[in-house]
Amino acid sequence: MADVEMKPVDEKKEEKATEEKKPVLLTPVAEIKANVTLIERAVATLEPRFTHRVLRSLTHLRKRLEDKVLGDSINEIYANDSPSKKALLSWLPDAPSEQSMDVDSVPQPSKQNPPEPVPEAEIYIRLLILHHLLTSPSTYPKALKLAHDTIEKTQALNRRSMDPIAAKVWYAVERTYELSGELADARPHFLAAQRTAALRHDDETEASLINRILRSYLQYNLYDQADKLVSKTSFPSAAGNPQHARYHYYLGRIKAVQLNYTAAHTNLQQAIRRAPPAKTAPGFYQAVHKLTIVVELLMGDIPERSLFRHPVLEKALAGYFEIVKGKVAPALLFGHSSNLTPTRHIAVRNGSLSQFQNTLSKYAAEFEADKTYTLIVRLRQNVIKTGIRRLSLSYSRISLRDICVKLHLDSEEDAEYIVGKAIRDGVIDGRIVHEKGWMECGGQKSGYGPEVSDVFSRRIAYCLELHNQSVKAMRYPLNAHRKELAAAEGAREREKELAKEIQEGGDLDDEGPDLGEGF
């Protein structure tokens, strides 16, 4: 009976344990107050990791910001007679000022005024207000004024503990100018601040500003100036992964326009590897993969089908999927191989020029919005080369007229020119017989040779670079080596004491215990 009575008690304990394990979701006001506490701790201990922890929650927190939330947070953090409190409340609408009177009247008799927070906390709250003002087009002018005022205050304070927050402030400034349609006007401010950050060795702010300038150049298709900026500056290696991901993405765009597809593909792969998770930053994740797919097609590779099934990428890559494979029945798209047949053949992989042109005209607006239209137009030559390669593998001899018909070219002269260029570029192995009007194809190339060793060399170099970057990114506990030194010194002292006791000690019979007469 005792065992039967104990079972319900155990179940209640398990239920209590599961309830205790559930995380408690903080309110926005409580989360802002906790973040301010972490910022003050970072300033007091000179540990920037607490500030980075606060900034990591910025993406989730700014979606929950409201006028009342910001007003209540300012009222609870700052004292009634604080000048910073009045300055912060002035950027909010008139409603929070009435709420501040209600809130101040309650704790005034029972609680003392809180101490004045550090200046980093004020810049952080300004950053939250700036993101909140960017949610409505009617408040863009006010956000622009707040951005200028915040930058002036940050530069006047000139505190190294404020550098991580200042990097985020510059991103908000760039976003403010972009939404206001005045991104070109912000470029001189970014260039001047970048020079100052480089002189002060402020890696986070310098990395953020380099990305802001590159984005400004690429927004207006100034690829030559962006390339000059990359050649004249060195990106800080100590910057965070999000900044590295943006930088590699912009480098990939520049290299792709400059026809350097191998370097573009390498940078885009680095951007994908360093980018936040897909659900955290879906927009950046989609933009990188769109450009990566186009670059892979320009390199002659075909992306994997599993990439187009990703839940974050499935809808965004619909047009690119048709460029690669053509419009396929939905059952085949999701891997159900029933009796359904595709309604359109492969575009790039099969070298179908007509289908490629139809898909390009259908999704032209989407490609222009993604700024990949000019790169996709270049795929026409790749489509033709792919078609010629497939014909050379299928036929030992084929007439130029048949090539013109199968590839939907305008005339036999165009077919002869394209085939000759493909032979000269090494796409196919063959020759053109002008007298008889056909192309004779050679044998298929072997899968071995110097090309294979080059591929393995690139893979080995990538793995070594990945290992080096992983070692650099490792974090170690603060002053852990001192504990090891103290432990080693204690061990040496104990060894010395033990050796001293052995030297000073006598025989076992003299100092040992009495074991009895008969032992």
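As shown above, the structure is provided for reference.
Let me begin by describing the structure that accompanies this report. (Residues numbered from 1 in each chain as written. Predicted model: local features only at pLDDT ≥ 70, side-chain atom pairs only at ≥ 80, totals over all residues. Heavy atoms only, no water.)

Our focus in this paragraph is the packing of helix α14 (residues 241-257) against helix α15 (residues 261-274). Packed helices, taken two at a time, are described by the angle their axes make and the gap between the axes. Taken N-terminus to C-terminus, the directions of α14 and α15 make an angle of 160 degrees; their axes are 8 Å apart at the nearest point. It follows that α14 is roughly antiparallel to α15 by the angle criterion. The element α14 and its partner α15 pack so that their crossing is left-handed. Across the interface between the two elements, Asn-241, His-244, Ala-245, His-248, Tyr-249, Leu-251, Gly-252, Lys-255 and Ala-256 from α14 touch Tyr-261, Ala-263, Ala-264, Asn-267, Leu-268, Gln-270, Ala-271 and Arg-274 from α15. (Axes fitted to C-alpha atoms, helices over the stretch in contact; angles between N-to-C directions. Helix = DSSP H or I, 4+ residues; strand = E, 2+ residues; numbered from the N terminus. Parallel < 35°, antiparallel > 145°, perpendicular 65-115°, else oblique. Left-handed = near helix turned anticlockwise from the far one by under 90°. Contact = heavy atoms within 4.5 Å.)

One pass over the structure, following the stated rule, counts 7 aromatic pairs. On the basis of an interplanar angle of 75 degrees and a centroid distance of 5.8 Å, the ring pair of Trp-170 and Phe-190 is categorised as edge-to-face. Linking Trp-170 in helix α10 (residues 163-179) with Phe-190 in helix α11 (residues 187-199), this pair joins segments that are 20 residues apart in sequence. Of the two residues, Trp-170 and Phe-190, both sit in the buried class. Relative to Tyr-250, the ring of Tyr-249 lies with its centre 5.6 Å away and its plane at 50 degrees, an arrangement referred to as tilted. Classification of Tyr-249 by relative accessible area gives buried; the value is 11%. A connected cluster of aromatic rings, assembled from ring pairs, spans Tyr-249, Tyr-250 and Phe-284. Just above the ring of Phe-456 sits the side chain of Arg-459; from NZ or CZ to the centre is 5.6 Å. (Phe/Tyr/Trp six-rings, centres within 6.5 Å; stacked < 30°, edge-to-face > 60°. Buried < 20%, exposed > 50% of the residue type's maximum accessible area, 1.4 Å probe, protein only. Lys NZ or Arg CZ within 6 Å of the ring centre and 35° of its normal.)

A cluster of basic side chains, namely Arg-41, Arg-53, Arg-56 and Arg-475, defines a positive patch on the protein surface. Inspection of the secondary structure assignment puts Arg-41 in helix α2 (residues 28-45). Given a relative accessible area of 44%, Arg-41 falls into the partly exposed group. (Patch = residues over 30% accessible without salt bridge, like charges linked within 9 Å, V, L, I, M, F, W, Y side chains within 5 Å. Areas by Shrake-Rupley, 256 points an atom, 1.4 Å probe, with all protein chains shown as cover. Salt bridge = Lys/Arg side-chain N within 4 Å of Asp/Glu carboxyl O. Lys, Arg positive; Asp, Glu negative; His and termini not counted. Charge placed at Lys NZ, Arg CZ, Asp CG, Glu CD.)

In total, this model carries 15 salt bridges according to the counting rule given. Its salt-bridge partner being Glu-47, residue Arg-49 comes within 3.2 Å of it at the nearest N-O pair. Since its relative accessible area comes to 14%, Glu-47 is described here as buried. For Asp-370, the salt bridge goes to Lys-290, with nearest N and O atoms at 3.2 Å. Pair noted here: Asp-370 is in the loop between α20 (364-369) and α21 (373-377) and Lys-290 is in helix α16 (residues 282-298), with a separation of 80 residues, a long-range link. One connected set of salt bridges, linked through shared partners, spans Glu-174, Arg-175, Glu-178, Arg-212 and Arg-215.

Moving on, we come to the sheet that holds strand β2 (residues 430-433). With antiparallel pairing, 3 strands are arranged side by side in an open sheet as β1-β3-β2. Each having just a single partner strand, β1 (397-399) and β2 make up the two edges of the open sheet. The mean inter-strand angle of the sheet, taken between neighbouring strand axes irrespective of direction, is 20 degrees. Pairing of β1 with strand β3 (residues 438-441) involves 3 bridges; the strand directions are antiparallel. If you follow Arg-397 over to β3, its bridge partner there is Glu-440. (Pairing = 2+ DSSP bridges.)

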